[in-house]
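Results of the structural survey
Given next are the chains, with one letter for each unit.
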Amino acid sequence: MIYVKTPLTPEIRAAASRAWGAEGEGERLYGGEESAAYRLGGHVLRVGPAGRGVAESEWCHAVARHAAVTLPEAVAPLATDGGATVVVVDGRPISCWPYVEGSWPDSDVPAQREAGARLLARLHRALAGLRPGPRPVPAFQESGLYGDPHPDAADLADPVLDRWLAGFHAGHPVRHPLHGDYYTGNTLATDDGRIVAVLDWDETFVGAPELELAAAALEWGDDLIGPSKEFVAAYHEEGGTAAPLDEESLAQLVRHKLRREHAYFRKAAASGVRHDEEDLEYHRARVELFHRLRP
(Lines give C-alpha, C1' and ligand atoms only; values in the text may rest on other atoms or scores of the structure.)
Protein backbone atom coordinates (compact mmCIF):
# COMPACT_ATOMS: atom_id res chain seq x y z
CA MET A 1 0.00 0.00 0.00
CA ILE A 2 1.33 3.43 -0.98
CA TYR A 3 0.79 6.20 1.56
CA VAL A 4 1.23 9.91 0.89
CA LYS A 5 4.33 11.53 2.42
CA THR A 6 3.03 15.07 2.85
CA PRO A 7 5.04 16.72 5.68
CA LEU A 8 3.71 18.59 8.69
CA THR A 9 5.34 21.93 8.00
CA PRO A 10 5.90 24.81 10.46
CA GLU A 11 3.33 26.81 8.50
CA ILE A 12 0.70 24.09 8.97
CA ARG A 13 1.51 23.81 12.67
CA ALA A 14 1.13 27.57 13.12
CA ALA A 15 -2.20 27.63 11.28
CA ALA A 16 -3.52 24.72 13.37
CA SER A 17 -2.51 26.44 16.57
CA ARG A 18 -4.29 29.65 15.57
CA ALA A 19 -7.42 27.97 14.24
CA TRP A 20 -7.99 25.16 16.75
CA GLY A 21 -5.40 25.49 19.50
CA ALA A 22 -3.85 22.23 18.31
CA GLU A 23 -0.39 21.72 19.79
CA GLY A 24 1.78 18.66 20.18
CA GLU A 25 4.55 16.47 18.85
CA GLY A 26 3.03 15.76 15.44
CA GLU A 27 3.04 11.95 15.28
CA ARG A 28 2.35 10.65 11.77
CA LEU A 29 -0.62 8.29 11.91
CA TYR A 30 -0.75 5.16 9.79
CA GLY A 31 -2.61 5.24 6.49
CA GLY A 32 -3.63 7.91 4.02
CA GLU A 33 -3.43 7.53 0.24
CA GLU A 34 -4.19 11.19 -0.48
CA SER A 35 -4.35 12.96 2.90
CA ALA A 36 -1.74 12.68 5.65
CA ALA A 37 -2.86 12.60 9.30
CA TYR A 38 -0.81 13.79 12.27
CA ARG A 39 -1.63 13.55 15.95
CA LEU A 40 -1.08 16.68 18.02
CA GLY A 41 -2.14 15.82 21.57
CA GLY A 42 -5.90 15.34 21.58
CA HIS A 43 -6.23 16.53 17.98
CA VAL A 44 -5.60 14.99 14.58
CA LEU A 45 -4.63 17.24 11.67
CA ARG A 46 -5.53 16.01 8.21
CA VAL A 47 -3.44 17.57 5.46
CA GLY A 48 -5.24 17.19 2.16
CA PRO A 49 -3.83 17.09 -1.36
CA ALA A 50 -2.79 20.32 -3.02
CA GLY A 51 -5.55 21.79 -5.14
CA ARG A 52 -8.50 20.13 -3.40
CA GLY A 53 -11.15 22.82 -3.12
CA VAL A 54 -12.42 24.15 0.19
CA ALA A 55 -16.04 23.80 -0.95
CA GLU A 56 -15.58 20.09 -1.62
CA SER A 57 -14.04 19.47 1.80
CA GLU A 58 -16.63 21.57 3.62
CA TRP A 59 -19.42 19.67 1.85
CA CYS A 60 -18.00 16.33 3.01
CA HIS A 61 -17.44 17.67 6.52
CA ALA A 62 -21.06 18.81 6.75
CA VAL A 63 -22.15 15.24 6.12
CA ALA A 64 -19.84 13.96 8.87
CA ARG A 65 -21.11 16.57 11.31
CA HIS A 66 -24.71 15.65 10.57
CA ALA A 67 -23.99 11.96 11.18
CA ALA A 68 -22.23 12.74 14.46
CA VAL A 69 -25.39 14.32 15.90
CA THR A 70 -27.04 10.91 16.30
CA LEU A 71 -24.20 8.43 15.72
CA PRO A 72 -21.54 8.52 18.47
CA GLU A 73 -19.03 6.63 16.33
CA ALA A 74 -19.05 9.27 13.58
CA VAL A 75 -15.93 11.39 14.03
CA ALA A 76 -16.62 14.92 12.82
CA PRO A 77 -14.24 17.83 12.15
CA LEU A 78 -13.83 20.69 14.59
CA ALA A 79 -14.88 24.17 13.55
CA THR A 80 -12.83 27.34 13.85
CA ASP A 81 -14.21 30.33 15.75
CA GLY A 82 -15.57 31.52 12.42
CA GLY A 83 -17.46 28.27 11.80
CA ALA A 84 -15.24 26.87 9.05
CA THR A 85 -13.83 23.34 9.18
CA VAL A 86 -11.03 23.97 6.66
CA VAL A 87 -8.09 26.35 6.53
CA VAL A 88 -5.80 26.46 3.52
CA VAL A 89 -2.01 26.42 3.89
CA ASP A 90 0.21 26.46 0.81
CA GLY A 91 -2.72 25.35 -1.33
CA ARG A 92 -3.61 22.37 0.88
CA PRO A 93 -6.88 22.03 2.86
CA ILE A 94 -6.15 21.47 6.55
CA SER A 95 -8.79 20.13 8.94
CA CYS A 96 -8.73 19.23 12.63
CA TRP A 97 -10.46 16.24 14.24
CA PRO A 98 -10.70 14.83 17.76
CA TYR A 99 -8.21 12.02 18.39
CA VAL A 100 -9.82 8.64 19.08
CA GLU A 101 -7.80 5.80 20.55
CA GLY A 102 -8.11 2.48 18.73
CA SER A 103 -6.84 0.23 15.97
CA TRP A 104 -8.28 -1.21 12.79
CA PRO A 105 -10.85 -3.95 13.40
CA ASP A 106 -10.17 -7.43 12.04
CA SER A 107 -12.82 -8.37 9.50
CA ASP A 108 -11.67 -12.00 9.67
CA VAL A 109 -13.20 -12.11 13.16
CA PRO A 110 -16.93 -12.81 12.63
CA ALA A 111 -18.03 -10.66 15.58
CA GLN A 112 -16.11 -7.64 14.27
CA ARG A 113 -17.42 -8.16 10.75
CA GLU A 114 -20.96 -8.24 12.14
CA ALA A 115 -20.26 -5.12 14.22
CA GLY A 116 -19.05 -3.35 11.07
CA ALA A 117 -22.27 -4.25 9.25
CA ARG A 118 -24.48 -3.08 12.08
CA LEU A 119 -22.58 0.19 12.35
CA LEU A 120 -23.02 0.79 8.62
CA ALA A 121 -26.78 0.26 9.01
CA ARG A 122 -26.93 2.82 11.79
CA LEU A 123 -24.76 5.20 9.79
CA HIS A 124 -27.15 5.00 6.86
CA ARG A 125 -30.11 5.66 9.12
CA ALA A 126 -28.31 8.69 10.56
CA LEU A 127 -27.80 10.11 7.05
CA ALA A 128 -31.09 9.10 5.46
CA GLY A 129 -32.84 12.42 6.04
CA LEU A 130 -29.98 14.72 5.02
CA ARG A 131 -30.30 16.63 1.75
CA PRO A 132 -26.96 18.43 1.36
CA GLY A 133 -27.39 19.67 -2.19
CA PRO A 134 -25.05 18.84 -5.09
CA ARG A 135 -21.51 17.85 -4.26
CA PRO A 136 -19.20 20.62 -5.57
CA VAL A 137 -16.99 18.04 -7.30
CA PRO A 138 -18.29 14.55 -8.16
CA ALA A 139 -16.80 11.75 -6.09
CA PHE A 140 -14.54 9.26 -7.85
CA GLN A 141 -17.04 6.44 -7.26
CA GLU A 142 -19.78 8.34 -9.12
CA SER A 143 -18.16 7.99 -12.55
CA GLY A 144 -20.05 5.36 -14.53
CA LEU A 145 -22.50 4.76 -11.70
CA TYR A 146 -25.58 5.44 -13.79
CA GLY A 147 -24.48 3.60 -16.91
CA ASP A 148 -22.32 6.28 -18.50
CA PRO A 149 -18.97 5.21 -20.01
CA HIS A 150 -15.79 4.87 -17.95
CA PRO A 151 -13.18 6.68 -20.07
CA ASP A 152 -10.58 6.07 -17.36
CA ALA A 153 -11.22 2.31 -17.28
CA ALA A 154 -11.74 1.53 -20.95
CA ASP A 155 -9.89 -1.78 -20.67
CA LEU A 156 -12.64 -3.00 -18.33
CA ALA A 157 -15.44 -1.84 -20.63
CA ASP A 158 -18.63 -3.83 -20.03
CA PRO A 159 -21.75 -2.50 -21.83
CA VAL A 160 -23.90 -5.15 -20.12
CA LEU A 161 -22.83 -3.87 -16.71
CA ASP A 162 -23.42 -0.27 -17.85
CA ARG A 163 -26.99 -1.08 -18.93
CA TRP A 164 -27.57 -3.00 -15.74
CA LEU A 165 -26.42 -0.07 -13.58
CA ALA A 166 -28.74 2.32 -15.42
CA GLY A 167 -31.67 -0.05 -14.92
CA PHE A 168 -30.84 -0.74 -11.30
CA HIS A 169 -30.80 2.91 -10.35
CA ALA A 170 -34.03 3.58 -12.23
CA GLY A 171 -35.66 0.91 -10.07
CA HIS A 172 -34.02 1.94 -6.78
CA PRO A 173 -34.80 5.62 -6.29
CA VAL A 174 -33.70 6.00 -2.64
CA ARG A 175 -30.71 8.36 -2.40
CA HIS A 176 -28.95 9.79 0.60
CA PRO A 177 -25.38 10.62 1.63
CA LEU A 178 -23.02 7.66 1.91
CA HIS A 179 -19.66 7.46 3.65
CA GLY A 180 -18.11 6.53 0.31
CA ASP A 181 -15.15 4.49 1.57
CA TYR A 182 -16.46 2.25 4.34
CA TYR A 183 -13.76 -0.33 5.02
CA THR A 184 -11.84 -1.45 8.11
CA GLY A 185 -9.08 1.12 7.54
CA ASN A 186 -11.56 3.96 8.02
CA THR A 187 -12.83 2.63 11.34
CA LEU A 188 -11.27 2.11 14.77
CA ALA A 189 -11.95 -0.56 17.39
CA THR A 190 -11.01 -0.98 21.03
CA ASP A 191 -9.00 -3.95 22.33
CA ASP A 192 -12.22 -5.82 23.11
CA GLY A 193 -13.43 -5.43 19.52
CA ARG A 194 -15.96 -2.60 19.89
CA ILE A 195 -15.94 -0.29 16.86
CA VAL A 196 -15.74 3.25 18.24
CA ALA A 197 -15.00 5.47 15.25
CA VAL A 198 -15.81 6.02 11.58
CA LEU A 199 -13.14 8.23 9.98
CA ASP A 200 -12.17 9.88 6.68
CA TRP A 201 -15.21 11.39 5.00
CA ASP A 202 -13.39 12.68 1.91
CA GLU A 203 -15.20 10.33 -0.47
CA THR A 204 -18.74 10.87 0.79
CA PHE A 205 -21.39 11.43 -1.86
CA VAL A 206 -25.14 11.06 -2.39
CA GLY A 207 -26.12 7.70 -3.83
CA ALA A 208 -28.15 4.54 -3.44
CA PRO A 209 -27.37 2.84 -0.12
CA GLU A 210 -27.31 -0.53 -1.87
CA LEU A 211 -24.09 0.55 -3.59
CA GLU A 212 -22.28 1.13 -0.29
CA LEU A 213 -23.70 -2.04 1.25
CA ALA A 214 -22.31 -4.12 -1.62
CA ALA A 215 -18.91 -2.41 -1.54
CA ALA A 216 -18.64 -2.80 2.23
CA ALA A 217 -19.67 -6.45 2.06
CA LEU A 218 -16.68 -6.99 -0.22
CA GLU A 219 -14.24 -5.07 1.97
CA TRP A 220 -15.39 -6.63 5.24
CA GLY A 221 -15.63 -10.10 3.73
CA ASP A 222 -12.87 -11.86 1.86
CA ASP A 223 -12.02 -9.12 -0.61
CA LEU A 224 -10.30 -11.51 -3.02
CA ILE A 225 -13.16 -14.03 -3.09
CA GLY A 226 -16.31 -11.98 -3.02
CA PRO A 227 -18.78 -10.10 -0.82
CA SER A 228 -19.80 -11.41 2.59
CA LYS A 229 -23.43 -12.48 2.70
CA GLU A 230 -23.19 -12.56 6.50
CA PHE A 231 -22.30 -8.86 6.40
CA VAL A 232 -25.34 -8.12 4.25
CA ALA A 233 -27.62 -10.14 6.55
CA ALA A 234 -26.38 -8.36 9.69
CA TYR A 235 -26.83 -4.97 8.00
CA HIS A 236 -30.47 -5.72 7.17
CA GLU A 237 -31.13 -7.18 10.61
CA GLU A 238 -29.92 -3.87 12.08
CA GLY A 239 -32.38 -1.95 9.91
CA GLY A 240 -30.19 -0.33 7.27
CA THR A 241 -31.78 1.77 4.54
CA ALA A 242 -30.65 -0.38 1.57
CA ALA A 243 -33.16 -2.68 -0.08
CA PRO A 244 -32.48 -6.44 -0.14
CA LEU A 245 -30.04 -7.48 -2.87
CA ASP A 246 -30.25 -10.60 -4.95
CA GLU A 247 -27.08 -12.40 -6.08
CA GLU A 248 -26.88 -10.57 -9.40
CA SER A 249 -27.35 -7.13 -7.85
CA LEU A 250 -24.72 -7.77 -5.20
CA ALA A 251 -22.24 -8.97 -7.81
CA GLN A 252 -22.84 -6.14 -10.28
CA LEU A 253 -22.59 -3.40 -7.65
CA VAL A 254 -19.33 -4.94 -6.44
CA ARG A 255 -18.09 -4.98 -10.02
CA HIS A 256 -18.76 -1.24 -10.29
CA LYS A 257 -16.59 -0.72 -7.22
CA LEU A 258 -13.82 -2.93 -8.65
CA ARG A 259 -13.85 -1.04 -11.94
CA ARG A 260 -13.49 2.28 -10.11
CA GLU A 261 -10.61 0.78 -8.09
CA HIS A 262 -8.94 -0.15 -11.35
CA ALA A 263 -9.34 3.42 -12.61
CA TYR A 264 -7.85 4.77 -9.38
CA PHE A 265 -4.88 2.40 -9.66
CA ARG A 266 -4.24 3.61 -13.21
CA LYS A 267 -4.60 7.25 -12.11
CA ALA A 268 -2.07 6.76 -9.30
CA ALA A 269 0.39 5.06 -11.62
CA ALA A 270 0.05 7.85 -14.19
CA SER A 271 0.80 10.42 -11.47
CA GLY A 272 4.11 8.74 -10.71
CA VAL A 273 3.19 6.36 -7.87
CA ARG A 274 5.47 3.31 -7.89
CA HIS A 275 3.56 0.18 -6.87
CA ASP A 276 5.52 -2.69 -5.36
CA GLU A 277 4.98 -6.34 -6.30
CA GLU A 278 2.46 -6.87 -3.49
CA ASP A 279 0.39 -3.93 -4.76
CA LEU A 280 0.55 -5.26 -8.31
CA GLU A 281 -0.49 -8.75 -7.28
CA TYR A 282 -3.43 -7.39 -5.29
CA HIS A 283 -4.48 -5.27 -8.26
CA ARG A 284 -4.31 -8.27 -10.59
CA ALA A 285 -6.45 -10.28 -8.18
CA ARG A 286 -9.07 -7.53 -8.00
CA VAL A 287 -9.26 -7.32 -11.80
CA GLU A 288 -9.64 -11.11 -11.94
CA LEU A 289 -12.47 -10.84 -9.40
CA PHE A 290 -14.19 -8.24 -11.61
CA HIS A 291 -14.32 -10.80 -14.40
CA ARG A 292 -15.14 -13.77 -12.15
CA LEU A 293 -18.16 -12.07 -10.58
CA ARG A 294 -19.75 -11.41 -13.97
CA PRO A 295 -23.29 -12.90 -13.70
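Notes on the structure in this doc start here. (Residues numbered from 1 in each chain as written. Predicted model: local features only at pLDDT ≥ 70, side-chain atom pairs only at ≥ 80, totals over all residues. Heavy atoms only, no water.)

1. A short note on the nonpolar core
Our working definition: What is meant by a nonpolar core is a set of buried Ala, Val, Leu, Ile, Met, Phe, Trp, Tyr and Cys residues, joined one to another through side-chain atoms within 4.5 Å. Between buried and exposed lies partly exposed: a residue is buried under 20% and exposed over 50% of the maximum accessible area for its type, with that area taken using a 1.4 Å probe on protein chains only. Strands are runs of DSSP state E lasting at least 2 residues, helices are runs of H or I lasting at least 4, and numbering of each runs from the N terminus. We call two residues contacting when some pair of their heavy atoms lies within 4.5 Å.
Counting 57 residues, the largest nonpolar core has Leu123, Tyr182, Trp201, Phe231 and Leu253 as its most contacted members. No other element matches helix H3 (residues 110–127), which puts seven residues into this core. If we skip the residues at most four places from it in the chain, Trp201 touches Cys60, Val63, Ala64, Ala67, Ala74, Val75, Trp97, Leu123, Leu127 and His179. Residues Ile12, Trp20, Val89 and Cys96 belong to the second largest nonpolar core, which totals 15 residues.

2. Points about the state of the cysteines
The condition is simple: The term disulfide is used for any two cysteine sulfur atoms that are within 2.5 Å.
Scanning the entire structure with this criterion turns up zero disulfides. The thiol of Cys60 is not disulfide-bonded; the next cysteine sulfur, from Cys96, is found 17 Å away. A relative accessible area of 1% means that Cys60 is categorised as buried. For Cys96, a relative accessible area of 0% gives the class buried.

3. A short note on empty space enclosed by the protein
Put simply, the rule reads: Here the term cavity refers to a set of points on a 1 Å grid, laid over the protein atoms alone, in which a 1.4 Å probe fits but cannot get out; the term pocket refers to an open set having protein on both sides within 12 Å along at least five of seven lines, with lining residues being those that place an atom within 4 Å of a point. Grid points are joined across faces, edges and corners, and a volume is the space filled by probe spheres set on the points. All amino acids are sorted into three groups, where Ala, Val, Leu, Ile, Met, Phe, Trp, Tyr, Cys and Pro are nonpolar, Asp, Glu, Lys and Arg are charged, and the leftover types, Gly among them, are polar.
Counting across every chain of the model gives one cavity of 30 Å³ or more. Roughly 80 Å³ of volume is contained in the largest cavity. As for the largest cavity, its lining consists of Ser35, Arg46, Gly48, Arg52, Ser57, His61, Val86, Pro93, Ile94, Ser95 and Asp202. Looking at the lining of the largest cavity, the elements that each hand over two or more residues are helix H2 (54–70) and strand S5 (92–98). It is S5 that contributes the most residues to the lining of the largest cavity, three residues altogether. Counted by class, the lining of the largest cavity contains three nonpolar, five polar and three charged residues.

4. A short note on unusual backbone geometry
Residue Asp90 is not a glycine yet carries a positive backbone phi of 50 degrees. Locating Asp90 in the fold gives a position in the loop between strand S4 (87–89) and S5. Located in the positive-phi region is Asp200, a residue other than glycine, with phi close to 60 degrees. Under the relative-accessibility criterion, Asp200 is labelled partly exposed at 22%.

5. A word on the packing of aromatic side chains
A ring pair, where both rings are aromatic, is described by two values, the distance of the centres and the angle of the planes. Here is the rule: In this analysis, rings of Phe, Tyr and Trp, with Trp reduced to its six-membered ring, are considered paired at centre separations within 6.5 Å, and the interplanar angle assigns stacked below 30 degrees, edge-to-face beyond 60, and tilted for intermediate values. Charge over a ring is defined by NZ of Lys or CZ of Arg lying within 6 Å of the ring centre and within 35 degrees of the ring normal.
Inspection of every chain in the model, using the stated rule, returns four aromatic pairs. Ring geometry for Phe140 versus Tyr264: centroids 5.7 Å apart, planes at 85 degrees, classification edge-to-face. Of this pair, Phe140 sits in the loop between H3 and helix H4 (159–171) while Tyr264 sits in helix H7 (residues 247–270), placing them 124 residues apart in sequence. Residue Tyr264 is classed as partly exposed on the basis of its relative accessible area, which comes to 23%. On the basis of an interplanar angle of 35 degrees and a centroid distance of 6.1 Å, the ring pair of Trp220 and Phe231 is categorised as tilted. With Trp220 in the loop between helix H5 (209–219) and helix H6 (229–237) and Phe231 in helix H6, this residue pair connects regions lying eleven residues apart in the sequence. You'll find Trp220 and Phe231 in the same group, each marked buried. Members of the aromatic cluster, connected to one another through ring pairs, are Tyr182, Trp220 and Phe231. The aromatic ring of Tyr38 is capped on one face by Arg28, whose charged end is 5.7 Å from the ring centroid.

6. Structural notes on a nonpolar patch on the surface
Our working rule: Nonpolar side chains (Val, Leu, Ile, Met, Phe, Trp, Tyr) within 5 Å and like charges within 9 Å form the patches, drawn only from residues with over 30% relative accessible area and no salt bridge. Computed with a 1.4 Å probe, the accessible areas rest on the Shrake-Rupley method; for each residue, only the protein chains presented here act as cover. For this document, the term salt bridge refers to a Lys or Arg side-chain nitrogen within 4 Å of an Asp or Glu carboxyl oxygen.
Taken together, the side chains of Leu224, Ile225 and Tyr282 make up a nonpolar region of the molecular surface, amounting to roughly 260 Å² of accessible area. Mapped onto the secondary structure, Tyr282 falls in helix H8 (residues 277–292). On the accessibility criterion, Tyr282 (34% relative accessible area) is partly exposed.

7. Quick word on the environment of Gly53
By the element assignment, Gly53 lies in the loop between strand S3 (43–47) and H2. Sequence separation between Gly53 and Val86 is 33 residues, and the spatial gap between their C-alpha atoms is 9.9 Å.

8. Points about the sheet that holds strand S2 (residues 36–40)
Cut-off, in case you're wondering: At least two DSSP bridges between two strands are needed for those strands to be called paired.
Strand order in this open sheet of five strands is S1-S2-S3-S5-S4, and the pairing throughout is antiparallel. The open sheet has two free edges, formed respectively by strand S1 (27–28) and S4, since each of these has just one partner strand. Inspection of the sheet shows S1 paired to S2 by two bridges, in the antiparallel sense. Residue pairing in the sheet places Arg28 in a bridge with Tyr38 of S2.

9. Looking at the side chain of His61
Topologically, His61 is positioned in helix H2. Those residues in contact with His61 that lie beyond four places of it in its chain are Pro77, Thr85, Val86, Ser95 and Trp97.

Note that every value here comes from positions in space, so none of it alone points to a role or purpose.
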